[in-house]
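Results of the structural survey
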Amino acid sequence: MPVRFMLNGSPVEVEAPDNEILLDTLRHRLGVKSVKRGCETGECGACTVLLDGKPVYSCLILTRMAEGHEITTLEGLRDDPVFKAITLSFAEHGAVQCGFCTPGFVLTAYVLLKHNPSPTWSEVAKAVEGNLCRCTGYKKIIEAILDAAKKIHTHSNDDSQDK
Ligand code: FES
Ligand code: FES
């Protein structure tokens, strides 16, 4: 039976074995390469996607469980101003080294800033505790997310003064 769900705003229909995990379907059948295979046991966060707007580990979800849901990956956020602010801040703060963990961190940060536009250091640290990075030591990532929040805030203030 094909599985049908929304992927980055477009409907997809994909044939996948009942025991196939969403991570494999996204990468190998649908060509979504931003979703990374790390631990495959729900510990590293490299495979994070948004399921109906909430971050989940795609290595822990069977593809058939996505039936009827909305899956979002980095590819679906390219024009989003919050996403753009986060990626710009990651670049400016050196929060990307090998980059393997970055998609997962960016998606987690995106959900955080959508729900909490002015997080504290400890709120950011708590939000990203399900994502592992072996390169950066986390400080630069947290600084980048805090700076992205400032950028978004400044941008929205500028917009409202233009009106
Ligand atoms: S690959 Fe899914 S949590 Fe590590
Ligand atoms: S930048 Fe290499 S694992 Fe995070």
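Definitions and cut-offs
Residues numbered from 1 in each chain as written. Chains lettered and ligands numbered in written order. Predicted model: local features only at pLDDT ≥ 70, side-chain atom pairs only at ≥ 80, totals over all residues. Heavy atoms only, no water. Helix = DSSP H or I, 4+ residues; strand = E, 2+ residues; numbered from the N terminus. Rg over C-alpha atoms; globule rule 2.2 N^0.38 Å. Buried < 20%, exposed > 50% of the residue type's maximum accessible area, 1.4 Å probe, protein only. Contact = heavy atoms within 4.5 Å. Areas by Shrake-Rupley, 256 points an atom, 1.4 Å probe, with all protein chains shown as cover. Lys, Arg positive; Asp, Glu negative; His and termini not counted. Charge placed at Lys NZ, Arg CZ, Asp CG, Glu CD. Domains from an automatic or database assignment. Buried area = accessible area lost by both parts, 1.4 Å probe. Salt bridge = Lys/Arg side-chain N within 4 Å of Asp/Glu carboxyl O. Nonpolar A, V, L, I, M, F, W, Y, C, P; charged D, E, K, R; others polar. Core = buried A, V, L, I, M, F, W, Y, C linked by side-chain atoms within 4.5 Å. Expected span 1.5 Å × (residues − 1).

1. Brief notes about the overall build of the protein
On a plain count of helices and strands, the protein comes out with five helices and five strands. The secondary structure elements of the protein, listed N-terminal to C-terminal, are β-β-α-β-β-β-α-α-α-α. A compact globule built from 163 residues should have a C-alpha radius of gyration of about 15 Å, and the protein, at 16 Å, falls within 12% of that. The C-alpha extent of the protein, read off along each of the three principal axes, is 50 × 40 × 20 Å. Counting all 163 residues of the protein, 44% fall into the buried class. The contacts in the protein between residues at least 6 apart in sequence include a share of 58% that link residues at least 24 apart. When the accessible surface of the protein is split by element, carbon and sulfur atoms take 54% of a total near 8,600 Å². Put simply, the protein has 18 plus and 21 minus side-chain charges, and the middle of one group is 4 Å from the middle of the other.

2. A word on the domain arrangement of the protein
Its domain assignment divides the protein into domain 1 (2-76) and domain 2 (81-162). Buried area between domain 1 and domain 2, summed over both chains or domains, comes out near 1,100 Å², and the portion from carbon and sulfur atoms is 72%. Between the two partners, domain 1 and domain 2, sit zero salt bridges. At the level of secondary structure, the elements contributing two or more residues to the side of domain 1 that touches domain 2 comprise β3 (48-51) and β4 (54-57). The element best represented in the side of domain 1 that touches domain 2 is β3, accounting for three residues. Of the residues belonging to the side of domain 1 that touches domain 2, the class tally is seven nonpolar, seven polar and three charged.

3. As for the nonpolar core
Ranked by size, the top nonpolar core spans 27 residues in total, and within it Ile 86, Phe 90, Phe 105, Tyr 110, Leu 113, Ile 141 and Ile 145 carry the most contacts. Looking at this core, the elements with two or more residues in it are α2 (81-92), α3 (102-115) and α5 (139-162). Looking at this core element by element, the count peaks at eight residues for α3. In this view, Tyr 110 contacts Leu 50, Leu 77, Asp 80, Val 82, Phe 83 and Ile 86; residues no more than four positions away in its chain are not counted.

4. Looking at α2
Between the first and last C-alpha of α2 there are 16 Å, a value that for twelve residues agrees with the 16 Å anticipated at 1.5 Å per step. One or two steps after α2, the chain reaches Gly 94, where phi turns positive at roughly 65 degrees.

5. Considerations on α3
Between the first and last C-alpha of α3 there are 20 Å, a value that for 14 residues agrees with the 20 Å anticipated at 1.5 Å per step. Across the 14 residues that make up α3, a large majority, twelve, are buried. Within α3, the full set of buried residues consists of Thr 102, Pro 103, Gly 104, Phe 105, Val 106, Leu 107, Thr 108, Ala 109, Tyr 110, Val 111, Leu 112 and Leu 113.

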